[in-house]
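A look at the structure
What follows is each chain in one-letter form.
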Amino acid sequence: MSDISGDVSVPEVGMSDEDFAHRPTVLREGTFEGKVVLVSGGGSGIGRATAILLGRLGARLVLCGRDPGKLESAAACLTRLGADVSTHPMSIRSPDAVEALFAEVVDRHGGIDVLVNNAGGQFAQATIDIKPKGWNAVVDTNLNGTFYMMQAGARHWREVARPGCIVNVVAAIWRGMPQVAHTCAARAGVVFLSKTVATEWAPLNIRVNCVAPGTIRTEGFGNYPREALASFSQANPMLRTGSAWDIAEAIAYLGSDAAGFITGETLNVDGGSQNWGDPWFLGRPEYFELNYAEARLPTHLKEQAR
Ligand SMILES: CCCCCCC/C=C/C(=O)SCCNC(=O)CCNC(=O)[C@H](O)C(C)(C)COP(=O)(O)OP(=O)(O)OC[C@H]1O[C@@H](n2cnc3c(N)ncnc32)[C@H](O)[C@@H]1OP(=O)(O)O
Ligand SMILES: NC(=O)C1=CN([C@@H]2O[C@H](COP(=O)(O)OP(=O)(O)OC[C@H]3O[C@@H](n4cnc5c(N)ncnc54)[C@H](OP(=O)(O)O)[C@@H]3O)[C@@H](O)[C@H]2O)C=CC1
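Residues numbered from 1 in each chain as written. Chains lettered and ligands numbered in written order. Predicted model: local features only at pLDDT ≥ 70, side-chain atom pairs only at ≥ 80, totals over all residues.

This part covers the site of ligand 1. Around ligand 1, 22 residues are found, and the nearest of them are Gly121, Phe123, Gly134, Ala137 and Gly220. It is helix α5 (residues 132-160) that provides the largest number of residues to the shell around ligand 1, a total of five residues. (Near = placed C-beta within 6 Å. Helix = DSSP H or I, 4+ residues; strand = E, 2+ residues; numbered from the N terminus.)

A sheet is described by the order of its strands in space; here seven strands give the open sequence β3-β2-β1-β4-β5-β6-β7, paired in parallel fashion. Bordering the open sheet on either side are β3 (85-89) and β7 (266-269), each of which pairs with just one other strand. Each strand of the sheet is rotated relative to its neighbour by a mean of 15 degrees, with strand direction disregarded. Across six bridges, strand β5 (residues 164-169) lies against strand β6 (residues 206-213) in parallel orientation. By the bridge assignment, Ile166 is partnered in β6 with Val208. Packing of helix α2 (residues 45-56) onto the sheet brings it into contact with β1 (36-40), β2 (60-65), β4 (114-117), β5 and β6, and relative to β1 it is tilted by some 165 degrees. (Pairing = 2+ DSSP bridges. Axes fitted to C-alpha atoms, helices over the stretch in contact; angles between N-to-C directions. Contact = placed C-beta atoms within 7 Å.)

So, about the UniProt feature "domain: Ketoreductase" (unreviewed entry) in the protein chain. UniProt annotation of "domain: Ketoreductase" (unreviewed entry) refers to residues 35-177 when read in the numbering used here. Counted over residues 35-177, helix gives 48% and strand 18%. Its end C-alpha atoms are 36 Å apart. (UniProt positions renumbered as here; feature names shortened; annotations may be inferred.)

It is worth spelling out the pairing of β3 at this point. Each regular strand carries side chains that alternate between the two faces of the sheet. Two elements, β2 and β3, share five bridges in a ladder whose sense is parallel. Bridging across to β3, Val62 finds its partner in Ser86. In terms of handedness, the path from β2 via helix α3 (residues 68-80) over to β3 forms a crossover that is right-handed. (Right-handed = clockwise from strand over helix to strand, strands pointing away.)

Time to look at the environment of Asn205. If you trace the backbone, Asn205 turns up in the loop between α6 (181-200) and β6. A residue is classified by how many C-beta atoms lie within 10 Å of it, and Asn205, with 13 of them, is partly exposed. Sequence separation between Asn205 and Ala154 is 51 residues, and the spatial gap between their C-alpha atoms is 9.7 Å. (Buried ≥ 20, exposed ≤ 12 C-beta atoms within 10 Å, placed from the backbone.)

In this model α5 runs 40 Å from its N-terminal to its C-terminal C-alpha over 29 residues, within 8% of the 42 Å that 1.5 Å per residue would give. The largest bend in α5 amounts to roughly 40 degrees and is located at Asp140. Along α5, the residues classified as buried are Val138, Thr141, Asn142, Leu143, Gly145, Thr146, Tyr148, Met149, Met150, Ala152, Gly153 and Trp157. Tucked inside the fold, the buried residues of α5 contact β1, α4 (95-109), β4, β5, α6 and β6. (Expected span 1.5 Å × (residues − 1). Bend = angle between axes of the 7 residues up to and from the residue.)

For ligand 2, the set of nearby residues contains 28 residues, the closest of which are Gly41, Gly45, Arg66, Gly120 and Gly220. Elements that contribute at least two residues to the shell around ligand 2 include exactly α2 and α5. Residue contributions to the shell around ligand 2 peak at three residues, all from α2.

Here we take up α3. Taking 1.5 Å as the rise per residue, α3 with 13 residues should run 18 Å; its terminal C-alpha atoms sit 18 Å apart, in good agreement. Of the residues making up α3, those classed as buried are Lys70, Leu71, Ala74, Cys77 and Leu78. Projection of α3 onto a plane perpendicular to its axis shows the buried side chains occupying an angular sector of 125 degrees, all on one side. Facing away from the buried side of α3 by more than 90 degrees, the exposed set consists of Gly69, Ala76, Thr79 and Arg80. Where α3 is buried, its residues touch α1 (17-22), α2, β2 and β3. A positive phi of about 90 degrees marks Gly82, the residue just after α3. (Arc of directions from axis to C-beta.)

Turning next to the nonpolar core. Residues Val37 and Leu61 are the most contacted members of the largest nonpolar core, which totals 77 residues. Here the element with the most residues in this core is helix α8 (residues 244-255); it accounts for eight residues. (Core = buried A, V, L, I, M, F, W, Y, C linked by C-beta atoms within 7 Å.)

In this section: unusual backbone geometry. Unusually for a residue other than glycine, Ala161 sits at a positive phi of about 55 degrees. When you line up the elements, Ala161 lands in the loop between α5 and β5. Even without being glycine, Gln179 reaches a positive phi, approximately 80 degrees. Tracing the chain through its elements places Gln179 in the loop between β5 and α6.

Moving on: the confidence of the model for the protein chain. Confidence in the prediction for the protein chain averages 93 pLDDT; 94% of positions are at 70 or higher. Across residues 1-13 the pLDDT falls below 50, and counting only partners more than four positions away or on other chains, this stretch makes 24 contacts in the model. Model confidence for the complex: the whole-complex pTM is 0.95, and ipTM, which rates the interface, is 0.98. (pLDDT = per-residue confidence, 0-100.)

Listed below in structure tokens is the structure:
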């Protein structure tokens, strides 16, 4: 994984493969021994950190994503760490590709135990300007793609009559997400889809949970302008971004037997952004600058504001 140094004025968080290969974890060695874990978007960022952690804990790993180069680089790292890993370039947006992926994985590994739906992304744009093609691209990736993967997982577990576990990576959407409305809507869809199937699929012994990251410093930050990055480090009361490792540990917990009585839940790993903070994906509009807001107040309210 490349190091995310950049020039954003936030405290550095550990971000390299090397760091993740050695970071202490509360999870016991062997927690995922004998388990096959499929991680979508496993070639970079949160997915890659998750694969490294789960590999260290004994999982056999299956990584998918669109870019074969990213997947190969992650696989090389995991192999160096002694993990068994296979890579499968594909897009989660294609239901046929998802079906083929599951068939390949069952063929190679004999089955799947845990599915981590981490693949996703968006572009920043004022909602009023989003074109249908852009809206559809983001919803197709984050909601539809995740649904195809979840359904394929459930069908597999139903067929082999084995327990299953799904962890979906969403986002801390709870106060809305200005400038990325498409992803906010799609992630809300995944949260409620997860709550719904947590009930429907309980008789199949399938647990379904979500992890909602706040601003997590990964390669993905490269998709946003400088103004956004500055706001990302001030988007929570801790006044910093999180690390992919913070999310990996939450995913590992929900994917493990330690969370055996948890289903339909969303675990926020966001530094408190639900309560305070202000991420702006294109930078903060002038309207929301505090001084600007005060300047627009009528005189009598200006007096009260002081
Ligand atoms: C406190 C809580 C905070 C939580 C969040 C904090 C920060 C979050 C960070 C992250 O999520 S990091 C993960 C980042 N990774 C990504 O975001 C992935 C990057 N994006 C993409 O891969 C793609 O943009 C996409 C969203 C998956 C779309 O992929 P696709 O290949 O289908 O689309 P395109 O062919 O590129 O475009 C289709 C269509 O979409 C519109 N569009 C695309 N990019 C832009 C853009 N930059 N600006 C405006 N519009 C865009 C456009 O209509 C495209 O059609 P055409 O006009 O090109 O025909
Ligand atoms: N970093 C953050 O602050 C936050 C991230 N998230 C979410 O966490 C997840 C991981 O993000 P992060 O690690 O930060 O960023 P990355 O951009 O590194 O990860 C996104 C991954 O998704 C994969 N992906 C995207 N589209 C598809 C597709 N159609 N089919 C298969 N794989 C796909 C990408 O691989 P490839 O390009 O090879 O297809 C990539 O590995 C994403 O869903 C992201 O939106 C949520 C909240 C905050």
